[in-house]
Amino acid sequence: MEIKIALAGNPNSGKTTLFNNLTGSRQRVGNWPGVTVEKKEGSLKGTNDVTIQDLPGIYSLSPYSLEEVVSRNYLVNEKPDAILNIVDGTNIERNLYLTTQLLELQIPVVVAVNMIDLVERNGDMIDLNRLAQELGCPVMAISALKGKGTKEVAAKAVEVAKKHQVALIPDIYDKTVVSALSKIQSELQTHIDDSMARWYSVKVFERDERIDEFLKLTDDKKSKIELLIKKVEEALDDDAESIITSQRYDYIGTIVQHAVKKKGSKHELSVSDKIDKIVTNRILALPIFILVMYVVYTIAMGGTSISIGTIGTDWANDVLFGDIVPNFFDGILTSLHVNGVLYGLIMDGIVGGVGAVLGFVPQILVLFLLLSIMEDVGYMSRVAFIMDRIFRRFGLSGKSFIPMLVATGCGVPGIMASRTIEQDRDRKMTIMTTGFIPCGAKMPIIGLFAGAVFGGSSLVATSAFVIGIAAVIISGIILKKFKSFAGEPAPFVMELPAYHLPSAGNVLRATWERGWSFIKRAGTVILLSSIILWFLQGFGFTNGQFGMVEDNNTSLLADIGNAIALIFAPLGWVGDMAWKATVATFTGLIAKEEVVNTFGVLYNFSEVSEEGNEIWTLIAQDFTPIAAYSFMIFNLLCAPCFAAMGAIRREMNNTKWTLAAIGYMCLFAYVSALIVYQLVGLAIGEVAFNFWTIVALALLIGVIYLLFRPGYKPKSEALDLKGMQTAK
Amino acid sequence: MKLLKDCKPSETVVVKKITGAGATKRRIMDMGITKGVEIHIRKVAPLGDPIELNIRGYELSLRKQDAQMIEVE
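Only a predicted model underlies this, so the values are computations on that prediction, with no experimental measurement involved.

Engineer: Even after reading the chapter, I still don't get the sheet that holds strand S10 (residues 493-495) of chain A, so can you show me in this structure?
Structural biologist: Within a sheet, each strand pairs with its neighbour through backbone hydrogen bonds, oriented either parallel or antiparallel. In spatial order, the strands read S10(A)-S5(B)-S4(B)-S3(B)-S2(B)-S6(B)-S1(B); together these seven strands make up an open sheet with antiparallel pairing. Unpaired on one side and paired on the other, S10 of chain A together with strand S1 (2-3) of chain B mark the two borders of the sheet. Where strand S4 (residues 51-55) of chain B meets strand S5 (residues 58-62) of chain B, five bridges bridge the pair, whose relative direction is antiparallel. Of the residues in S5 of chain B, the one forming a bridge with Ile-51 of chain B is Leu-62 of chain B.

Engineer: Which parts of the structure should I look at to understand the sheet that holds strand S4 (residues 50-54) of chain A?
Structural biologist: All names here are of chain A. Reading across the sheet, the seven strands line up as S2-S3-S4-S1-S5-S6-S8 and stay open at both edges, with mixed pairing between neighbours. Each edge of the open sheet carries a strand with a single partner, namely strand S2 (27-31) and strand S8 (139-141). Strand-to-strand twist of the sheet, defined as the mean angle between neighbouring strand axes without regard to direction, takes the value 25°. Two strands pair when backbone bridges link them, and strand S1 (residues 3-9) and S4 are joined in this way by five bridges, in the parallel orientation. Looking across to S4, one finds that Ile-3 is bridged to Val-50. The sheet contacts of helix H3 (residues 92-103) involve S1, strand S5 (82-88) and strand S6 (109-114), and relative to S5 the element is tilted by about 165°.

Engineer: Would you take a moment to explain helix H15 (residues 340-358) of chain A for this structure?
Structural biologist: Because each turn of an α-helix spans 3.6 residues, side chains separated by three or four positions in sequence point in the same direction. Residue and element names in this part refer to chain A. Given a rise of 1.5 Å per residue, 19 residues ought to cover 27 Å, and the 25 Å separating the end C-alpha atoms of H15 matches this to within 8%. A maximum bend of about 30° is found in H15 at Val-351. Regarding H15, the residues found buried are Gly-344, Ile-346, Met-347, Gly-349, Val-351, Gly-353, Val-354, Gly-355, Val-357 and Leu-358. One side-chain oxygen at the N-terminal end of H15 lies 3.0 Å from the backbone nitrogen of Val-341; it belongs to Asn-339.

Engineer: Would you take a moment to explain the pattern of salt bridges for this structure?
Structural biologist: Where charged atoms of side chains with opposite charge meet at close range, the side chains can pair. Counted by the stated rule, this structure contains 34 salt bridges over all chains. Arg-382 of chain A is the partner of Asp-276 of chain A in a salt bridge, and the nearest nitrogen-oxygen pair spans 3.0 Å. Of this pair, Asp-276 of chain A sits in helix H12 (residues 271-279) while Arg-382 of chain A is found in helix H17 (residues 379-392), placing the two residues 106 residues apart along the sequence. The class of Arg-382 of chain A is buried, set by a relative accessible area of 1%. Linked through salt bridges whose partners overlap, the residues forming this network are Lys-203, Glu-206 and Glu-241 of chain A together with Arg-26 and Asp-30 of chain B.

Engineer: Whenever I open this one, the pairing of S6 of chain A confuses me. Can you help?
Structural biologist: As a general feature of sheets, a regular strand has side chains that alternate between the two faces. Residue and element names in this part refer to chain A. Along S6, six of the six residues are buried, which leaves the element largely enclosed by surrounding structure. Burial along S6 is two-sided: the face carrying Val-109, Val-111 and Val-113 and the face carrying Val-110, Ala-112 and Asn-114 are both buried. Running through H3, the crossover from S5 to the neighbouring parallel element S6 is right-handed. Pairing of S6 with S8, which is carried by three bridges, proceeds in the parallel orientation. By the bridge assignment for S8, Val-113 is matched with Ala-141.

Engineer: Is there a simple way to think about the domain arrangement of chain A in this case?
Structural biologist: Often the size quoted for an interface is simply the accessible area lost on bringing the parts together. Residues and elements named next belong to chain A. What the domain assignment reports for chain A is domain 1 (3-163) and domain 2 (175-261). Computed over C-alpha atoms, the centres of domain 1 and domain 2 are 25 Å apart. Facing 25 residues of domain 1, the contacting portion of domain 2 comprises 23 residues. For the pair domain 1 and domain 2, the summed buried area comes to about 2400 Å², and 60% of that belongs to carbon and sulfur atoms. The three residues of domain 1 that bury the most area against domain 2 are Arg-72, Tyr-97 and Glu-104, which together make up 25% of that side's buried surface. Here domain 1 and domain 2 share two salt bridges between them.

Engineer: It is not clear to me how a nonpolar patch on the surface should be interpreted in this structure. Could you clarify?
Structural biologist: A surface patch of nonpolar side chains, about 380 Å² in accessible area, is lined by Phe-328, Phe-329, Ile-332 and Leu-336 of chain A. Checked against the element boundaries, Phe-328 of chain A lands in helix H14 (residues 308-336).

Reading the values: rules and limits
- Residues numbered from 1 in each chain as written.
- Chains lettered and ligands numbered in written order.
- Predicted model: local features only at pLDDT ≥ 70, side-chain atom pairs only at ≥ 80, totals over all residues.
- Heavy atoms only, no water.
- Pairing = 2+ DSSP bridges.
- Helix = DSSP H or I, 4+ residues; strand = E, 2+ residues; numbered from the N terminus.
- Axes fitted to C-alpha atoms, helices over the stretch in contact; angles between N-to-C directions.
- Contact = heavy atoms within 4.5 Å.
- Expected span 1.5 Å × (residues − 1).
- Bend = angle between axes of the 7 residues up to and from the residue.
- Buried < 20%, exposed > 50% of the residue type's maximum accessible area, 1.4 Å probe, protein only.
- Polar contact = N/O pair within 3.5 Å; in protein donor to acceptor, adjacent residues only side chain to side chain.
- Salt bridge = Lys/Arg side-chain N within 4 Å of Asp/Glu carboxyl O.
- Right-handed = clockwise from strand over helix to strand, strands pointing away.
- Domains from an automatic or database assignment.
- Buried area = accessible area lost by both parts, 1.4 Å probe.
- Patch = residues over 30% accessible without salt bridge, like charges linked within 9 Å, V, L, I, M, F, W, Y side chains within 5 Å.
- Areas by Shrake-Rupley, 256 points an atom, 1.4 Å probe, with all protein chains shown as cover.

Next up, the structure:
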C-alpha cells in the first residue's frame, strides 16, 4: 500500500532541513497547479512506498494567502495518510497554533519538536509526554540539522498512517462556542463526511468564504447558521474569526504552561537578540547593510581579485565557450565533413548562442550561494525590515532591494532572486520592474553612444541609472493602482527568525536548484531563440534567390528591420540609421552586448571593441544626439534579453503574466523614448513640431494621470482565486 | 486608549483590542497578537518604520500602519 505523508510547519521551523534529511536526493520539484508556489515531494529514505509531500511553510490555514490555500486544499481534497507537523521547540507557542488547526482535520498527526538541542542548551524543558497527552497525538523530539530523531519520527508517522490513528479533537473552545459548533455541525450533516465535521463547522463559524463556495448551503440553512454565529459574537463581544483565533491561543497558553518550563525571564536577550541589536541598530543597520551588499556584489560580480564569480564567468566566456567547446565541436564537425549550413547552425547558432548564456553560470552560482547563506542565516528578513519603508511607497516590499541590486550585474539572477519575496503581488511587481535596472550587458551600449555622440561624458552613464531607477519607481506607482495588483492586500507582518549558523546542505541544495533551473532553460528557450535568430541573420534573398547570405545587410533580419523600422520613426529613428537601429535592437534580444557588435557588422567592420570605438565617427554622422538618446532609452528599458525573458517566464509561471510583463516593458520603453525624443527634441530645437509632438504630450499627460489617479480599492479582501477549492 | 503604533522601544504592553477586519487582522492574530497577550517593543527600523516586537517568545515585525489596529495598555 502506498503511503502519503504531508510535511507541514511554520516557515523557519526547519521544515526544509527535515525534508532534505528524510528524502535525501530523491526529490521532485514542481509547482502547485495554477500558482507560483513551489511544490516538492520525495520518497522517504529506505522505503519505496512512502511519499513525503512537502507543504509550503505556513502559520495558519486561513483563506488569505496562496500558500495557506494551497496547503489546505491539499489536506482536505487529497487526504494524505498522515501529517508530520514540525514545530520549532524554541518558539513553541506560535508553532502549536498551526498544530491545533491540523488536529481538527482528523488526519493522523505526529508532532516533531525540532531544535530540541537548542531548547536544552537554553536551559528550557519540554515535557513531551505531557504535550502528547494534551494534544492527543504522538509528540517526538528531533534535531533536523543534526539528523537526530528524524528517522524515528518518520517511522512513527508511517505507523499512525497504517493504523489510521486519528487524534482526539482537542478541547480548545469554551462552552458557548462548542455548543454553537455542534449546532452548526448538525446543519451541515448532509453536506459533509462525518470525519471532517469539526473542521468544516469551525470554518463555517469563521465565515470562511472558500468553504461557503464549496458547501453550497441553502439560504435557509445559511441564515440559521448566521443567527447562531451572531449570538456567540454578541455574547463574547468579538467577531467570530477573532473568537476562534483567541481561544486557540488561550488553549495553547494553558498547554505550554503545563508542558514547558522556561529558565530565563521572558524578555531576556539571547545570543541572536544580541547580534540583532547591532545588525538592525538604528544607526549601524544601514552601513552594515551596505557593507554586506558590497561584499556580496564584489565576490559575485565585481572586477577584483576576490571576485570569484566574475573570474569564473570570464573563464567560461573566453576559454570554455571561446575556445574549448568551439574547438571540440569544430573538430567533430570537420572530421564528419558536414555541410556549411549545418556547421554554421551548430557553431554560430547553437554553440555561440547557448554559450553566451551559459557563460553567466559561474556568476549566478556564486551569487545564489551568497544569497542562500544570507537567507539561511536569517539576514534576508532583516533586509526587508530595514528597506521596507523605502520600497513600500512604490508598491514593492523591502525584499525587492536584493533583486534590483543583483540586476545591476545581470537581470537573470536578479529576476530569479525575486523568489525570496513571499507576497505574490510584490513578487510579480518586482519581476516586472527589475529588468529596468541597467545590467552589465547594457553598459557597452551606453559606452558606445557616450563616446560617439556625447564626447565621452560620464553624465550619460549616470543618467542611464537615473532613468532605470525612475522607471522602477514610476512603474511601481502606476502598477500598484491596477486591479490585478491592488486586488490582494499584502500585510507586512513578518517574523524575524533567530539567527543561526547556515547549514551547508541547505545552502548548497538551494544554490544548485536555482542554478540548475537556469542551465535547463539555456537548453530550451534560449537554444530555440538562438537558432531562430541565427537563421534570420544568416539567410535571405539575393537576386531573387533564397539562401545563405554573405552580407547580412541582405538577410531576412535586415528585411524585417526595414519593414518595421517605420514603427520607430516617431522615436527619431529615421534616415540611414533607422533599419540599423531596428536590427540592433532585435539582436539585442539575444544579449544586450550584441547591440554594439551588430552596429559593427552593419557598418561593415567585422569586429569591434567592446564599446565600438571604430565606428564612433560613423555613428556620430548617422545619429543626432537626441535620436541617439532615444535609441539608448528604448534599448535600456525594452524587453530584456532572451535569458531574462526566460527567467521572467519561470518566475511568473504563467504565460499571461509573462507576456504582460514583457509587453509592459516594451510599451514603457516606447512611450519614454517617444516623450523624450519629441518633447526634449522640441525644447532644444532639434525636432520640429509635428503630429507626434501632440501624441507625446497626450502620453505624458496620460502617464501623469496614471501616477496621481486614485488606485483601485478591492471590495472583498479574500483571495480572488475561484475554482481553487476544487482544483486538484 | 493607547495604540501599539505610539509605543516606544523597550515598553511592555498588554493587548486590549484589535480593530479592523479581513486578511490583515486575521494575519496579525494568526501571528499570536490576541487579546490579553503581552508585547514587548524591541525597536524601530532605521528609517522609522516598521517596528520590531517580542511576542510569545519570538520576534515579529509590523508596519506602523498595521500597528494602528492594535489597542494596548
